[in-house]
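The lines below spell out each chain.
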Amino acid sequence: MRILISADMEGATGVTWTADVVPGTEQWQRFRRLLTGDVNACAAGAFLGGAREVLVNEAHSSQRNLLLEELDPRARLLTGRHKPLSMMQGIDTGVDGVVFLGYHAGAGEEGVLAHTYLENSITGVWLDGVPAGEGRLNAALAREHGVPVLLVTGDDRTCRDARDYAPDAELVAVKECVSRYAAVCAPPEVTAERITAAARAGVARAGRGEARVREHRVEVEFDATHLAAAAAAVPTVDLVGPRRVGFDAASMTLAMQAFKVVTAIAAAAVEGIYG
């Protein structure tokens, strides 16, 4: 049994603040260790549940955050950027289940450090007409490969969202959102125990199902008109409102590839403090 862990950082134990997740800061160095602890707790549970292989895909920012020297030696780490499937790299390699670890709520929603791909330029994303954060987008990609979502960890808002897009998944809220930059946090000893138990239980549902490839519609809303105009320069991407673009794709894989292009172009069009 092979399990993939997609490890983001905003939803990790204790994280509440920008500096906690920005590479190079003192706080980031501290929370790298807590993120690695969450991953190790998940890997331990997966192995207790019968997994024979655990692949951890770095899914945050530089995608070089986890401490390899402190990783569970039974796991393997996929680290670094420019991966074709980004946060979900490895989902197409025959894995039997995926864990969304350290995830967060989507842009425009309540939640600790809530956003979708871009930290503060995107105000909303819709997948087939439904508001979609990274969890919903990545769950649709997993579904395309017949891979079940086994466990989602993050704040309580993240778990509430996951009940809809992954209703059978185990859920672990490592903190309770108070505001975008504040939360009531459980200490790592507590969250580790909860994550391990949930991962062990979740692995019982592992097993590839039927792949479901179908067409999808994605719409993205920005906080400024020039970002939407820049994104609309991409072939197949249409301007559907002053700050909103949309596109259709024949599969979720193609939809996510197009989404990456749209967000990269929009990010490049941001001009200083005025955005």
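Residues numbered from 1 in each chain as written. Predicted model: local features only at pLDDT ≥ 70, side-chain atom pairs only at ≥ 80, totals over all residues. Heavy atoms only, no water.

In the nomenclature of an unreviewed UniProt entry, the chain is known as D-amino peptidase of Saccharothrix algeriensis.

Draft legend 1. Broad picture of the packing of aromatic side chains. Throughout the structure, instances matching the rule amount to 4 aromatic pairs. Summarising the aromatic geometry, the rings of W17 and Y181 are spaced 5.3 Å apart at their centres and angled 70° between planes, so their arrangement reads as edge-to-face. Taken together, the positions of W17 in the loop between β1 (2-7) and α1 (18-21) and Y181 in the loop between β8 (170-179) and β9 (182-185) put the pair 164 residues apart, joining distant regions of the chain. The exposure class assigned to W17 is partly exposed, which follows from its relative accessible area of 47%. For Y181, a relative accessible area of 37% corresponds to the partly exposed category. Summarising the aromatic geometry, the rings of F100 and Y103 are spaced 4.7 Å apart at their centres and angled 5° between planes, so their arrangement reads as stacked. With respect to burial, F100 and Y103 carry one shared label: buried. A connected cluster of aromatic rings, assembled from ring pairs, spans F100, Y103 and Y165. When the ring centre of W126 is taken as origin, the NZ or CZ atom of R244, which lies over that ring, is 3.7 Å away. (Phe/Tyr/Trp six-rings, centres within 6.5 Å; stacked < 30°, edge-to-face > 60°. Helix = DSSP H or I, 4+ residues; strand = E, 2+ residues; numbered from the N terminus. Buried < 20%, exposed > 50% of the residue type's maximum accessible area, 1.4 Å probe, protein only. Lys NZ or Arg CZ within 6 Å of the ring centre and 35° of its normal.)

Draft legend 2. Inspection of the environment of F222 at higher detail. Following the sequence through the fold, F222 ends up in strand β10 (residues 216-222). Classification of F222 by relative accessible area gives buried; the value is 0%. On a C-alpha basis, the gap between F222 and M256 in space is 17 Å, while along the polypeptide they are 34 residues apart.

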